[in-house]
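Spelled out, the chains give:
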Amino acid sequence: MEFTEAYKQTGPCCFSPNARYIAVAVDYRLMIRDTLSFKVVQLFSCLDKISYIEWALDSEYILCGLYKRPIIQAWSLTQPEWTCKIDEGPAGIAYARWSPDSRHILTTSEFQLRLIVWSLVNTACVHVQWPKHGSKGVSFTKDGKFAAICTRRDCKDYINLLSCHSWEIMGVFAVDTLDMTDIQWSPDDSAIVIWDSPLEYKVLIYSPDGRCLFKYQAYESGLGVKSVSWSPCGQFLAVGSYDQMLRVLNHLTWKTFAEFMHLSTVRAPCCAAVFKEVDEPLQLDMSGLCLDDDFMGGSDAPGGHFKVRYEVMEVPITFPFQKPPADKPNPKQGIGLLSWSNDSQYICTRNDSMPTALWIWDIRHLELAAILVQKDPIRAAAWDPISTRLVLCTGSSHLYMWTPSGAYCVSNPLPQFSITDLKWNSDGSCLLLKDKESFCCAAVPLLPESSDYSSDE
């Protein structure tokens, strides 16, 4: 892997959907860099510090959320002189997002008073009253024709279906939730999944016309759903719960066909490979050096240098377990991280009670494929959008990768660069790595058909 030099950032950074550009927030300036040359191709000055950025799907426009003001500014890469500013006045702006056609911006006001659809074509506005959430509760169909928006009025949750062409309300129906958390269209646009707050275990599948296709409730007492994700193929729905279990439903009968437990101790029989991150001191051969005694006596530096590698462990093995305090809200337990591979064959999970372990499940064979045990809590994990390859970071200077052939560690050569977040570009050729005040990119080689990686690279 090849790494670029570090560049300054003070906020969000992200690739454009077409993988040609990187948008970087530096205080009040928005820098657009070319992905190949890293030269600044556009520089926009906003009215305040940038809190949030989002590309339009066509990669021609980009919006910046200045939530301290609060206003939204949008810019065009093809027409640098074109500007757009959205200011809702006293109502404020809690969140903003692009519509699938890249010509409308949806903003949610503070206190969820209203959601407004702003047109960049004819300056028209459409209002939706009482949106349920600020940054959540809005989902678009994959073909971009319809939007489902969660609303709440008279202590009841509703779903509003809007046409993304005319922005007219096509239908409204009530849903059987106490306090709806979020909503997602299925990848084939045939169903909508919604789930209740952690206080009530309830996952509901609705058809677009408002019929409840299935109601799933794994248990009644205790905290409920923590994470939900459709598989890219649309055939599976994964539900992560506070009871530290992952359950997978099929799209034909909506019945559970797999339940995966995250135990603190893994025992035989277990076919999974367990990779544990270990430090290994660098073996520096100084036999050929002619150094005087004074220099050698005052040098302890070699003892402080380490390389990192994975060691394959035997079962049984016990992972560090953190029991959350019973008197504090939002306990760190349950399946907090849940992500599908691009081919829907694998799914990775993190049980927040064991934050240093990443579990990789094989859906085709309904078994545990691998466990990655890190020294530090896992900050982020992301699948290659093209190949079956998983990358994760823990806030150290290393990247950790897994493929069905094995796991390996990659050291970042940049000094004092701790990787706290990572993102793939859409063609799987490049990774964006973030530190606290800087970022860099890493060129990732294409994965061969039969990869044979060593675990101590």
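Reading the values: the criteria
- Residues numbered from 1 in each chain as written.
- Predicted model: local features only at pLDDT ≥ 70, side-chain atom pairs only at ≥ 80, totals over all residues.
- Heavy atoms only, no water.
- Helix = DSSP H or I, 4+ residues; strand = E, 2+ residues; numbered from the N terminus.
- Polar contact = N/O pair within 3.5 Å; in protein donor to acceptor, adjacent residues only side chain to side chain.
- Contact = heavy atoms within 4.5 Å.
- Core = buried A, V, L, I, M, F, W, Y, C linked by side-chain atoms within 4.5 Å.
- Buried < 20%, exposed > 50% of the residue type's maximum accessible area, 1.4 Å probe, protein only.
- Pairing = 2+ DSSP bridges.
- pLDDT = per-residue confidence, 0-100.
- Phe/Tyr/Trp six-rings, centres within 6.5 Å; stacked < 30°, edge-to-face > 60°.

A. View of the side chain of lysine 132. In this fold, lysine 132 is placed in the loop between β14 (125-129) and β15 (138-140). In this structure the side chain of lysine 132 is engaged in a polar contact, spanning 3.2 Å, whose partner is the side chain of aspartate 157. One polar contact links lysine 132 to aspartate 179, side chain to side chain, over a distance of 2.5 Å. Sequence-distant contacts of lysine 132, defined by excluding residues within four places in its chain, comprise Gln112, Cys150, Thr151, Arg152, Asp157, Asp179 and Met180.

B. Broad picture of the nonpolar core. The biggest cluster of nonpolar side chains holds 22 residues, and the ones touching the most others in it are Leu246, Val248, Phe319, Ile347, Trp359 and Ile371. Mapped by element, the contributors of at least two residues to this core are β24 (236-241), β25 (245-250), β26 (256-261), β31 (335-340), β33 (357-362) and β34 (367-373). Those residues in contact with leucine 246, other than ones at most four positions away along the chain, are Ala238, Val239, Gly240, Ala258, Glu259, Phe260, His262, Ile335, Leu338, Ile347, Thr349 and Trp361.

C. Broad picture of the pairing of strand β37 (residues 398-403). Among the 6 residues that make up β37, 6 are buried, leaving the element largely enclosed by the rest of the structure. Where β37 and strand β38 (residues 406-411) come together, 6 bridges link them in antiparallel fashion. Note on β38: the bridge partner recorded for leucine 399 is valine 410. Hairpin connection, β37 to β38: the antiparallel pair is bridged by 2 residues.

D. The arrangement of the confidence of the model for the protein in detail. With 93% of its residues at a pLDDT of at least 70, the protein reaches an overall mean of 91. Here residues 294-305 is a poorly scored stretch, pLDDT under 50, and it has 6 contacts once near neighbours within four places are set aside; other chains count. This stretch, residues 450-457, has a pLDDT under 50; its non-local contacts, to residues over four places away or in other chains, come to 18 contacts.

E. View of the side chain of serine 109. Of note, serine 109 is situated in the loop between β12 (104-108) and β13 (114-119). On the basis of relative accessible area, serine 109 is assigned to the buried category, the value being 0%. Of note is the side chain of serine 109, whose polar atom sits 3.2 Å from the backbone nitrogen of leucine 113. With near-sequence residues (within four places) excluded, serine 109 lies in contact with Glu88, Ala91, Gly92, Ile93, Ala94 and Arg114.

F. Geometry of the packing of aromatic side chains. Going through the model one piece at a time under the given rule, you end up with 22 aromatic pairs. Measuring from ring centre to ring centre gives 6.4 Å for tyrosine 21 and tryptophan 55, while their planes differ by 15°; the resulting arrangement is stacked. Separated by 34 residues along the polypeptide, tyrosine 21 in strand β4 (residues 21-26) and tryptophan 55 in strand β7 (residues 52-55) bring together distant segments of the chain. Tyrosine 21 gets classed as buried once you look at its relative accessible area, which sits at 15%. Given a relative accessible area of 7%, tryptophan 55 falls into the buried group.

G. Representation of the environment of glutamine 79 within the structure. Here glutamine 79 shows up in the loop between β9 (71-76) and β10 (83-86). For the pair formed by glutamine 79 and glutamate 60, sequence separation is 19 residues and the distance between their alpha carbons is 9.0 Å. Among all residues touching glutamine 79, those that are not within four sequence positions of it are Glu60 and Tyr61.

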